[in-house]
Amino acid sequence: MTDKLLNSLNDVQREAVQHVEGPALCLLSGAGSGKTRVITHRIAYLLKYHNISPFQILAVTFTNKAANEMKERLDTLIGENVSRDVWVATFHGTCARILRREIDKLEGYTRAFTIFDTTDQTVVVKDALKKVGYGDGKYNPRAILSHISRAKNDFLKPVAYASIASDHFTNIVAEVYPIYQDLLRQNNALDFDDLLLSTLELLDDHPNVLKYYQRKFRYILVDEFQDTNQCQYRIVRRLAEPEGNLCVVGDDDQSIYAFRGADIRNILNFEKDYGDDAKVFPLEQNYRSTKNILDAAWSVVRNNKARKEKRLWTENDEGDPVICYEAINESDEANYVVTQIESLHAEGVDYADFAIFYRTTAQSRIFEEALRAANIPYQIVGGVGFYDRMEIKDLLAYLRVMCNLNDSISLRRIINVPGRGIGMKTVQRLIDFAANERISLFESVKRVNEIPQISSGIKAKVKRFNKIFDDLSDDILPSDALYHVLQATKYLENLENQNTLEAQGRIENIEQLISAITEYESNSSAPTLADYLENVALTTDIDTMETDEADMVPLMTLHSAKGLEFPFVFIVGVEEYYLPHKRSIDEATEAAIEEERRLCYVGITRAMERLYLVHANSRRMYGDSEHRTPSRFISEIPGHLIKHVDRYHSPFLEAESTYEEVSEDPMGYHVNQIVHHPQFGRGKITKVSRMRQSMYITVRFNRTGMMKQVDPSLTQLTILDY
DNA sequence: TAGAGAACGATTTTT
DNA sequence: TCGTTCTCTA
């Protein structure tokens, strides 16, 4: 039986899975080297052969997507009965879950706490700025927020931060930070950083709590370890302290979130931190890309100084050279990509097998337009999230107030939504009253009668609003809460009356929200409003978008591309000022450029079969045309791996003109036949063609999803089915 | 209080 | 240039 679990692994993977004794384990996992496979197999191995209980395992990821994927793989590997008891969650999810049980041990919080997103945070910072007398908009709330966030990642509480504040701006931040924190507490709210920081505080200051979780989690696994910040690393170290097995998996070359506090030193110094206890396994065999793509990726990333020396290898084919297209301008760039997609699609490549990556979200527009014009279905991955839509935020704000009456930020959002005649002045009076009486805004709304400055007509309106929250049971189901709000506010009727296309879209979104809530309730063993809202707060995009179903070209930023793979990849805007980005160049530090180089590396290593690097000589920027030069990263790829083309010299298009599509090969092969290839396995014929005297059969292989052109006179294909 | 024009500012963003 | 946020006025 052991063999069955370990059979599908290569030697290093197997060793890593079986290395159970000795606490610290670090897997230096290159792109496409099967790390999720190792993590899941390791969990299965612990459960099956080391008698570990599933309750004792904690697996932490960074994204919900990764967590879900891991859960699914575990389900198939060890069965749902066992896998559901393994704690698999994101860092923030893990912390939220712990805090949901323990937070009343921290001063000023209750278990009904709300998680504030970036929008909420910005409102709070603006309030805090006003409070300390900088309400004139001189300071950018987002800049202040990012300083506060960074401070929290470094465990700097307001007092500690104030003592190190040096220049003018940080001194302002030092003034705002404590007020910001007070406001959060008054709202019974935590921001994303607080989830981590408060958990760490809880573990540090409450030995009983620490002991409980240390005993519980005897085996801890951390995915994407290169993306952990100091706080996250401290949390897992703490939990793993006694005997705990800490297994981290990561790749320093794929660390691209330094701007969010990720600290590459965590992975570079892991061995130092754990001394002789640390065992490092490098996973260097790549199962994803062609040799050429892998070599190109390496030739770029090797120029970084802050990295562990390693080089991926593969048994895959050499493949095509990297295609570097020099476009005249941004529309030529978009046209080229679309033309390539069209002609490859005509050869049988699915739209979903392509991907277009760009550095900045603004770049997506021209590609959207070009794709739309060419009637090619596409999909923006990770764009404006479903939960960021206005109508969804409004309705969820109602639910948030129901759950946590102290959440004044949400209350303020909805007090006049839909419009009910409670204006800014009235709201300000309510806020002032709350401040004077040292009560929450909700309490102030309740006691509106005591505010003389508010006219009796408006008082009635405020009372009518307040009534929405009367007589709600504590354990109201999220769906019932939503129905109650929709009914009490006539939100849908309001939209229907607007009779616009936009309103129609909003109504559809609300319908989607209803089904999302229903789905949550049927999936959850104990659905509560607080738990639902937590799920929403910690989910970026609606994960129910079935990417497998629809055949669309995905468009995304290089950041969003991490963890994914596609047969045909276009990286666009590979120019100085985009990649590396102007900001990073202006920073003039080695570290900033190295991060951009890693971003480029991540993009390159997504490609399985063919990679296109596209750059334009000129580009319209903020109005006028700008000259652009190819990225320095392109020149880091040696000549034999890359083929430079432009509008007049396109090798693949040229080749096509000599191709002639035919209905059947003389040997009897035809389209849609299922065939077996000695090396690649089962596949389906998508095209039969002739170039000069030779026949070519294009086959799409099931296992890899790759398209290959096979010469049937050289390779033995077995016809399996029709 | 809502809606229209001015003013601003434009990397990336797992949670 | 263009999309979002803010401010002022009807």
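Residues numbered from 1 in each chain as written. Chains lettered and ligands numbered in written order. Predicted model: local features only at pLDDT ≥ 70, side-chain atom pairs only at ≥ 80, totals over all residues. Heavy atoms only, no water.

Student: Would you mind going over the side chain of S631 with me for this structure?
Tutor: Of note, S631 is situated in the loop between β18 (624–627) and α31 (632–635). Within the local environment of S631, its side chain forms a polar contact with the backbone nitrogen of F633, the two atoms lying 2.9 Å apart. The residues contacting S631, other than those within four sequence positions of it, are V574, E575, E576, L579 and P580. (Helix = DSSP H or I, 4+ residues; strand = E, 2+ residues; numbered from the N terminus. Polar contact = N/O pair within 3.5 Å; in protein donor to acceptor, adjacent residues only side chain to side chain. Contact = heavy atoms within 4.5 Å.)

Student: Mind showing me how you'd approach the state of the cysteines here?
Tutor: Disulfides are covalent bonds that link the sulfur atoms of two cysteine residues. What the rule picks out here adds up to zero disulfides. Unpaired in this structure, C324 has its nearest cysteine sulfur neighbour in C600, at a distance of 11 Å. Sulfur of C403: no disulfide; nearest cysteine sulfur belongs to C95 and is 19 Å away. Take C403: its relative accessible area is 21%, and that puts it in the partly exposed class. (Disulfide = S-S within 2.5 Å. Buried < 20%, exposed > 50% of the residue type's maximum accessible area, 1.4 Å probe, protein only.)

Student: Whenever I open this one, the pattern of salt bridges confuses me. Can you help?
Tutor: Opposite charge on two side chains permits them to pair, given that their charged atoms come into close proximity. Overall, the coordinates contain 46 salt bridges when judged by the stated rule. A salt bridge links K393 to D117; its shortest N-O distance comes to 3.1 Å. Separated by 276 residues along the polypeptide, K393 in helix α19 (residues 390–403) and D117 in the loop between β4 (114–116) and α7 (118–131) bring together distant segments of the chain. Look at K393 and you get buried, because its relative accessible area is 13%. Shared partners join several salt bridges into a network, and the residues in it are D251, D252, D253, R307, E309 and K310. (Salt bridge = Lys/Arg side-chain N within 4 Å of Asp/Glu carboxyl O.)

Student: Would you mind showing me how to read the protein's contact with DNA strand C here?
Tutor: Taken together, K126, R365, Y622 and G623 make up the full set of residues adjacent to DNA strand C. By atom count, sugar and phosphate contribute 67% of the portion of DNA strand C lying within 4 Å of the protein. Between a phosphate oxygen of DNA strand C and a side-chain N or O atom of R365, the distance comes to 2.5 Å. Taken together, the residues that form the surface near DNA strand C break down as one nonpolar, one polar and two charged. (Near = heavy atom within 4 Å. Nonpolar A, V, L, I, M, F, W, Y, C, P; charged D, E, K, R; others polar.)

Student: Would you mind showing me how to read unusual backbone geometry here?
Tutor: Residue P580 follows L579 across a cis peptide bond; omega there is 5°. Within the secondary structure, P580 sits in the loop between β15 (566–571) and α29 (582–587). Backbone geometry places R438, a non-glycine residue, at a positive phi of 55°. Assignment of secondary structure puts R438 in the loop between α21 (424–437) and α22 (441–446). Its identity is not glycine, yet A588 carries a phi of approximately 55°, on the positive side. Residue placement: A588 occurs in the loop between α29 and α30 (590–604). On the accessibility criterion, A588 (66% relative accessible area) is exposed.

Student: It is not clear to me how the packing of helix α8 (residues 141–153) against helix α11 (residues 192–205) should be interpreted in this structure. Could you clarify?
Tutor: The description of two packed helices rests on the angle between their axes and on the distance between the axes. Where α8 contacts α11, the axes come no closer than 9 Å and their chain directions differ by 20°. Judged by the inter-axis angle, α8 sits roughly parallel to α11. Between α8 and α11 lies a crossing whose hand is left-handed. Contacts from S149, K152 and N153 of α8 reach α11 at D193, D194 and L197. Split into classes, the residues belonging to the contact of α8 with α11 amount to one nonpolar, two polar and three charged. (Axes fitted to C-alpha atoms, helices over the stretch in contact; angles between N-to-C directions. Parallel < 35°, antiparallel > 145°, perpendicular 65-115°, else oblique. Left-handed = near helix turned anticlockwise from the far one by under 90°.)

Student: Could you clarify how one ought to interpret the sheet that holds strand β19 (residues 642–646) in this entry?
Tutor: Hydrogen bonds between backbone atoms are what pair the strands of a sheet, whose relative direction is either parallel or antiparallel. Spatial strand order, β13-β14-β12-β15-β16-β11-β19: seven strands in an open sheet with parallel pairing. Unpaired on one side and paired on the other, β13 (378–380) and β19 mark the two borders of the sheet. Taken pair by pair, the neighbouring strands of this sheet meet at an average axis angle of 20°, ignoring direction. Along the sheet face, helix α18 (residues 364–373) touches β12 (354–358), β13 and β14 (553–557) and points at about 160° away from the line of β13. (Pairing = 2+ DSSP bridges.)

Student: What's the story with the nonpolar core in this structure? I'm lost.
Tutor: Where a protein is soluble and globular, its nonpolar side chains tend to be buried together. Membership of the largest hydrophobic core comes to 68 residues, with the highest contact counts inside it found for I144, L195, I220, L246 and F270. Among the elements that make up this core, the one with the highest residue count is helix α10 (residues 168–186) (eight residues). Sequence-distant contacts of I144, defined by excluding residues within four places in its chain, comprise V125, L129, Y139, F169, I172, V173 and V176. Among the nonpolar cores identified, the runner-up in size contains 46 residues, and A397, I510, L513 and L533 belong to it. (Core = buried A, V, L, I, M, F, W, Y, C linked by side-chain atoms within 4.5 Å.)

Student: Looking at this structure, how should I read the environment of E21?
Tutor: The topology assignment puts E21 in the loop between α2 (11–18) and β1 (24–29). Taking the relative accessible area as the measure of exposure, E21 reaches 59% and is therefore exposed. Taking the C-alpha atoms as reference, E21 lies 8.1 Å from N245; in sequence the two are 224 residues apart.

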